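The lines below spell out each chain.
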Amino acid sequence: VRNSPEFPDSMEAAKRAAAVLAVQTEVNSGMCVGIGSGSTIVPAVEELGRLVKAGDLTGIRCVPSSFQAQELILKNGLSLSSLDQTPSLDLALDGADEVDPNFHLIKGGGGCLLLEKIVIDAAARVAILCDYRKRSPVLGTFFPRVPIEIVPVARVPVARRLATIVERLAAVPPEIAATRVH
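About the cut-offs
- Residues numbered from 1 in each chain as written.
- Predicted model: local features only at pLDDT ≥ 70, side-chain atom pairs only at ≥ 80, totals over all residues.
- Heavy atoms only, no water.
- Disulfide = S-S within 2.5 Å.
- Buried < 20%, exposed > 50% of the residue type's maximum accessible area, 1.4 Å probe, protein only.
- Helix = DSSP H or I, 4+ residues; strand = E, 2+ residues; numbered from the N terminus.
- Pairing = 2+ DSSP bridges.
- Patch = residues over 30% accessible without salt bridge, like charges linked within 9 Å, V, L, I, M, F, W, Y side chains within 5 Å.
- Areas by Shrake-Rupley, 256 points an atom, 1.4 Å probe, with all protein chains shown as cover.
- Salt bridge = Lys/Arg side-chain N within 4 Å of Asp/Glu carboxyl O.
- Axes fitted to C-alpha atoms, helices over the stretch in contact; angles between N-to-C directions.
- Parallel < 35°, antiparallel > 145°, perpendicular 65-115°, else oblique.
- Left-handed = near helix turned anticlockwise from the far one by under 90°.
- Contact = heavy atoms within 4.5 Å.
- Nonpolar A, V, L, I, M, F, W, Y, C, P; charged D, E, K, R; others polar.
- Arc of directions from axis to C-beta.
- Core = buried A, V, L, I, M, F, W, Y, C linked by side-chain atoms within 4.5 Å.
- pLDDT = per-residue confidence, 0-100.

A word on the state of the cysteines. One pass over the full model with this rule turns up zero disulfides. The closest cysteine sulfur to the non-disulfide-bonded Cys32 is located on Cys62, 9.0 Å from its own sulfur. Residue classification places Cys62 among the buried residues on the basis of a relative accessible area of 0%.

Moving on: unusual backbone geometry. Within the chain, Phe103 stands out as a residue other than glycine whose phi angle is a positive 65°. Looking at where Phe103 falls in the secondary structure, it is placed in the loop between strand 5 (98–99) and strand 6 (105–106). Given the relative accessible area of 67%, Phe103 is considered exposed.

Spatial ordering of the open sheet is given by 3-2-1-4-7, a layout of five strands whose pairing is parallel. Across the chains shown, the open sheet's two edge strands, defined by having one partner strand only, are strand 3 (79–80) and strand 7 (123–128). Examined bridge by bridge, strand 4 (residues 89–94) and strand 7 share five bridges and lie parallel to one another. When the bridges of strand 7 are listed, Leu89 appears paired with Ala123.

What follows concerns a nonpolar patch on the surface. Together, Ile148, Ile150 and Leu162 make up a nonpolar patch on the protein surface, roughly 240 Å² of accessible area in all. By secondary structure assignment, the location of Ile148 is in the loop between strand 7 and helix 5 (155–170).

Moving on, we come to the packing of helix 1 (residues 11–26) against helix 2 (residues 41–53). Contact geometry of helix 1 with helix 2 gives a least axis separation of 8 Å together with a crossing angle of 50°. If you check the angle between helix 1 and helix 2, you find them oblique. Seen from above, helix 1 lies across helix 2 with right-handed handedness. Contacts from Lys15, Arg16, Ala19, Val20, Val23 and Gln24 of helix 1 reach helix 2 at Pro43, Ala44, Glu46, Glu47, Leu48, Arg50 and Leu51. Tallied by class, the residues present in the contact of helix 1 with helix 2 amount to seven nonpolar, one polar and five charged.

The subject of this paragraph is helix 4 (residues 114–122). Taken residue by residue, helix 4 has Glu116, Val119 and Ile120 as its buried positions. Projection of helix 4 onto a plane perpendicular to its axis shows the buried side chains occupying an angular sector of 100°, all on one side. Taken together, the buried residues of helix 4 touch strand 1 (32–35), strand 2 (61–64), strand 4 and strand 7.

With 23 residues, the main nonpolar core has Val27, Ile35, Leu48, Ile60 and Leu93 as its most contacted residues. If you list the elements that add at least two residues to this core, you get helix 1, strand 1, helix 2, helix 3 (67–75) and strand 4. If one sorts the elements of this core by residue count, helix 2 sits on top with five residues. What Ile35 contacts, discounting residues up to four positions off in sequence, is Ile41, Val45, Leu48, Cys62, Val63, Pro64, Ser65, Ala69, Ile73, Leu93 and Val119. Grouped together as the second largest cluster of nonpolar side chains are seven residues, Val63, Leu89, Ala92 and Ile120 included.

What follows covers the confidence of the model for the protein. Mean pLDDT for the protein: 86, with 87% of residues reaching 70 or above. In the predicted structure, residues 1–5 sits below a pLDDT of 50 and forms 12 contacts with residues beyond four places in sequence or in another chain.

Within this structure, the stated rule accounts for eight salt bridges. Residue Glu12 is joined to Lys15 by a salt bridge in which the shortest nitrogen-to-oxygen separation is 3.7 Å. You can see Glu12 and its partner Lys15 sitting in helix 1, three residues apart, about one turn around the helix. For Glu12, a relative accessible area of 55% gives the class exposed. For Lys15, a relative accessible area of 6% corresponds to the buried category. Note that Arg125 is salt-bridged to Glu26, the shortest N-O span being 2.5 Å. Of this pair, Arg125 sits in strand 7 while Glu26 is found in helix 1, placing the two residues 99 residues apart along the sequence. Its relative accessible area of 24% is what places Glu26 among the partly exposed residues. Within this structure, Glu12, Lys15, Asp131 and Arg133 form a network of salt bridges that share partners.

Structure below.
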C-alpha cells in the first residue's frame with residue numbers, strides 16, 4: 001500500500017498498517033500506555049484492544065488525554081486509568097498536526113492541548129503516528145498560530161516564558177526564524 005495522494009483509497013489502509021505496526025512493535029504486556037488523539041490513534045487503540053482480547057497482551061492500562069480517547073479506550077475493552085493512578089507511563093501513542101523534515105512537530109492544532117502534552121511528558125517513550133498529509137517543509141505551514149492553553153496557577157511563569165521566546169525570535173532574522181523551533 002502506497003501512502004500518497006495518488007492512491008487516496010489506500011489512506012485508511014496505510015493508517016491502519018502504521019497503527020498496527022506501532023502497537024505490535026512498541027507495546028508489551030504490563031505497560032501503562034498514554035492514548036492521544038488523531039485519526040491514526042483510532043486503529044492503534046483498536047489493535048491494542050484486539051491483542052488484549054486475544055490474550056496476546058496482558059496487564060495493559062491506558063491513560064486518555066481527552067474525553068474522546070477515554071471513550072475509545074472503553075469501547076475497545078481496555079483498562080482505563082488516570083495520571084493520578086498511573087503517574088508514570090511506559091509509552092504514549094499520539095498523533096501530530098504538522099511534522100517538519102527534522103521530525104519536529106506541532107501538537108494541539110486540533111484543540112487537544114494541555115492534557116495531551118501532560119500525558120506525553122509522563123511517558124518514558126512516545127510514538128507519534130501520522131500520515132504524509134502532516135508533513136511540511138517548515139513548521140507553521142499548516143498552523144501559523146498554535147493555541148496555548150494555560151491553567152490559572154501557571155499564568156505568570158508561562159507569560160514570562162512566552163515573553164522570552166518572543167524576545168529571542170525578535171533577535172533572529174525572519175528567514176532564519178521561520179526554520180527554527182523554539
